Amino acid sequence: MRWLLSVLVNSVLLLVIAGFFPDTFFVQNVWTAVMASFLLSILNVLVKPFLILITLPVTILSLGFFLFVINAITLLIADSLMGSAFEISGFGMALGAAIMLSILNFAVQKIIVRPLSEKK
């Protein structure tokens, strides 16, 4: 259940980012956002650990900030797998989107999801 909620939150956040950057970050519709979020969750399970492992020295030297680069790479992989329904114009936009996704996801989890789950 928590995974599904995470996919839905990420879907909404992808749509928000697409709304702020319509020329450089394109999401065709809500279902595309859900599919991209689902694909990102799979990539985070399968690909991200491998990327973290091979970039561990750089990640340690950068005090973890290189994880944003890894998140940008996973966004670009999702972009290439999704086709024209989900488009990111370049690595700079992917990096910016990865940073925004991380910050917004943290805020939503802290402000909305956690207080609602504590009430139960």
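Located above this text is the structure these notes cover.
The model shown is predicted, which means the values in this text are computed figures rather than measured ones. (Residues numbered from 1 in each chain as written. Predicted model: local features only at pLDDT ≥ 70, side-chain atom pairs only at ≥ 80, totals over all residues. Heavy atoms only, no water.)

*Asks:* Explain the packing of aromatic side chains here, please?
*Replies:* Centre-to-centre distance and the angle between the planes together describe a pair of aromatic rings. Inspection of every chain in the model, using the stated rule, returns three aromatic pairs. Ring centres of Trp 3 and Phe 38 lie 5.7 Å apart, and the angle between their planes is 75°; this geometry places the pair in the edge-to-face category. Taken together, the residues span a long stretch of sequence, with Trp 3 in helix 1 (residues 2-20) and Phe 38 in helix 2 (residues 30-46) at a distance of 35 residues. Relative accessible area serves as the criterion here: at 34%, Phe 38 is assigned to the partly exposed category. When the ring of Phe 25 is compared with that of Phe 86, the centres are 5.6 Å apart and the planes differ by 90°; the resulting orientation is edge-to-face. Of the two residues, Phe 25 is situated in strand 1 (residues 25-27) and Phe 86 in strand 2 (residues 86-88); the sequence distance between them amounts to 61 residues. (Phe/Tyr/Trp six-rings, centres within 6.5 Å; stacked < 30°, edge-to-face > 60°. Helix = DSSP H or I, 4+ residues; strand = E, 2+ residues; numbered from the N terminus. Buried < 20%, exposed > 50% of the residue type's maximum accessible area, 1.4 Å probe, protein only.)

*Asks:* Help me understand helix 6 (residues 91-119) in this model?
*Replies:* For the α-helix, the turn length of 3.6 residues means that residues three or four positions removed from each other point alike. Along its 29 residues, helix 6 runs 40 Å from first to last C-alpha, staying within 8% of the 42 Å computed at 1.5 Å per residue. Approximately 40° is the largest bend angle found in helix 6, and it occurs at Gln 109. Contact partners of the buried residues in helix 6: helix 1, strand 1, helix 5 (66-82) and strand 2. (Expected span 1.5 Å × (residues − 1). Bend = angle between axes of the 7 residues up to and from the residue. Contact = heavy atoms within 4.5 Å.)

*Asks:* How should the side chain of Thr 59 be read in this particular structure?
*Replies:* Structurally, the position occupied by Thr 59 is in helix 4 (residues 56-61). You can call Thr 59 buried: its relative accessible area is 8%. Only 2.9 Å separates the side chain of Thr 59 from the backbone oxygen of Thr 55, close enough to count as a polar contact. The residues contacting Thr 59, other than those within four sequence positions of it, are Gly 64, Phe 66, Leu 67 and Ile 70. (Polar contact = N/O pair within 3.5 Å; in protein donor to acceptor, adjacent residues only side chain to side chain.)

*Asks:* What am I meant to see in the packing of helix 2 against helix 5 here?
*Replies:* The description of two helices packed together rests on the angle between their axes and the distance between the axes. Two elements in contact, helix 2 and helix 5, have axes separated by 10 Å at closest approach and are oriented at 125°. In terms of orientation, helix 2 and helix 5 fall into the oblique class. Every pair of crossing elements has a handedness; the one defined by helix 2 and helix 5 is right-handed. Here helix 2 contributes Thr 32, Met 35, Ala 36, Leu 39, Leu 40, Leu 43 and Asn 44 to the contact with helix 5, which in turn contributes Thr 74, Leu 75, Ile 77, Ala 78, Leu 81 and Met 82. (Axes fitted to C-alpha atoms, helices over the stretch in contact; angles between N-to-C directions. Parallel < 35°, antiparallel > 145°, perpendicular 65-115°, else oblique. Left-handed = near helix turned anticlockwise from the far one by under 90°.)

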